[in-house]
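# Chain and residue survey
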Amino acid sequence: MNREQQLTEAFVSLADTLSEDVDPPTLLRRLVDHSVRLTPMDAAGVMLANARGRLRPVVATDDRAAVTELFQTQIDEGPCIEAYETGTPVHVEDFAAYEERWPSFVPVVRAAGYASAHALPLQVRGQRIGALNLLSHTATSLSPSETGILRGLANVAAAAVVTWNRDLVRPTDIASRSYAALSAKALLDTAAGMIAATEDITPLEAARRLRAYAALHHRRPTDVAEELVRRRMEVAAVMNAAV
């Protein structure tokens, strides 16, 4: 598949809000996967703002990226935080030059194996709802073309998230739609925790099994998660079908 085809696939998949197996975490997972695939960056994560305006992690491409995202929210410091608060991209080609700016965050992100980051705000009609963060193991810059692609992907994904399931909240209430996406994430985490505890596997593997089951049956992961949490489905059903 050439780059033009990759770009087309990325934008089409992020604009998909009608499929029966699509929900906000699925859309944002596609965003981080496409962002890494189309740039020289190694990992990515997305955070959304809660009702208090505080960012909360939603998806990440791997465990180390997830940890750095979570740490940013705990200390309120880092590129993703700044991108969200200012509404402008934050480009860090080498964390070594940012130790004074983020004295708590830089040692942690470098210990995790990352040397650079690029963060972009997620916005819908001028209202910020979160941020996309990309990380690289080596000092890495992005070309204007790559930055433009990321901004386009981020804008499409943000719009898709707030237009998902229009019946949930008022059509003009962008913030409430963002909160609904965080609620979906919390539901998935609860269901994954149940699977992990029952089957003695990691929460990450449990979440993968849940998504695999949902994809196999063309269902939204959040719908499967709700059935598990409400005890309408047995954990064994997910495990048996998602090996």
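Residues numbered from 1 in each chain as written. Predicted model: local features only at pLDDT ≥ 70, side-chain atom pairs only at ≥ 80, totals over all residues. Heavy atoms only, no water.

### A few points about the pattern of salt bridges
To be explicit about the condition: Only one rule defines a salt bridge in this text: a Lys or Arg side-chain nitrogen within 4 Å of an Asp or Glu carboxyl oxygen. Note on exposure labels: buried denotes an accessible area under 20% of the residue type's maximum, exposed denotes more than 50%, and partly exposed covers the range between, all computed with a 1.4 Å probe on protein chains only.
Evaluation of the coordinates by the stated rule reveals eight salt bridges. Its salt-bridge partner being Arg 219, residue Glu 227 comes within 2.8 Å of it at the nearest N-O pair. Classification of Glu 227 by relative accessible area gives partly exposed; the value is 22%. One salt-bridge network, in which partners are shared between bridges, spans Glu 205, Arg 208 and Arg 209.

### Observations regarding the packing of aromatic side chains
Filter applied, for reference: Here a Phe, Tyr or Trp ring, Trp counted by its six-membered ring, pairs with any other such ring whose centre lies within 6.5 Å, and the pair is stacked when the planes are under 30 degrees apart, edge-to-face when over 60, and tilted otherwise. Only DSSP runs of H or I reaching four residues or more are called helices, and only runs of E reaching two or more are called strands; each is numbered from the N terminus.
If you walk through the whole model with that rule in mind, you get four aromatic pairs. Ring geometry for Phe 95 against Phe 105: centres 5.9 Å apart, planes inclined by 75 degrees, an arrangement best described as edge-to-face. Residue Phe 95 is located in the loop between β3 (90-92) and α5 (105-111), and its partner Phe 105 is located in helix α5; the two are separated by 10 residues in the primary sequence. You can call Phe 95 buried: its relative accessible area is 0%. Between Trp 102 and Phe 105, the aromatic rings sit 6.4 Å apart at their centres with planes inclined by 80 degrees, giving edge-to-face as the arrangement.

### Observations concerning the sheet that holds strand β1 (residues 43-49)
What counts is decided by this rule: In this analysis, strands are considered paired if DSSP registers two or more bridges between them. Throughout, an axis means a line fitted to C-alpha atoms (over the contacting stretch in the case of helices), and angles, computed between N-to-C directions, take values from 0 to 180 degrees.
The strand order across the open sheet formed by five strands is β2-β1-β5-β4-β3, and the pairing between neighbours is antiparallel. Each edge of the open sheet carries a strand with a single partner, namely β2 (55-60) and β3. On average, each strand axis in the sheet is tilted by 20 degrees relative to the strand beside it, whichever way the strands run. With three bridges joining them, β3 and strand β4 (residues 116-124) adopt antiparallel strand pairing.

### Description of the side chain of Glu 146
Quick reminder of the rule: Note on contacts: a residue pair is in contact if any heavy atoms of the two residues lie within 4.5 Å.
Mapped onto the secondary structure, Glu 146 falls in helix α6 (residues 144-163). Once residues lying within four places of it in the same chain are set aside, the contact partners of Glu 146 are Arg 3, Pro 40 and Ser 141.

### Digging into the confidence of the model for the protein
Spelled out, the test is: As a per-residue measure, pLDDT reflects the predictor's confidence and takes values from 0 up to 100.
Per-residue confidence for the protein averages 87 on the pLDDT scale, and 91% of its residues sit at or above 70. Mean pLDDT across the elements of the protein bottoms out in helix α7 (residues 174-199) (80) and peaks in β3 (96).

### So, the packing of helix α1 (residues 3-14) against α6
Here is the rule we go by: The cut-offs work like this: below 35 degrees is roughly parallel, past 145 is roughly antiparallel, 65 to 115 is roughly perpendicular, and the gaps in between are oblique. Three classes are used, and their members are as follows: Ala, Val, Leu, Ile, Met, Phe, Trp, Tyr, Cys and Pro are nonpolar, Asp, Glu, Lys and Arg are charged, and the others, Gly among them, are polar.
The contact between α1 and α6 brings their axes to 8 Å, and the two run at 25 degrees. Put simply, α1 runs roughly parallel to α6. Residues Arg 3, Leu 7, Ala 10, Phe 11 and Leu 14 of α1 form the contact with α6, whose participating residues are Glu 146, Ile 149, Gly 152, Leu 153, Val 156, Ala 157 and Ala 160. Its residues assigned to classes, the contact of α1 with α6 comprises nine nonpolar, one polar and two charged.

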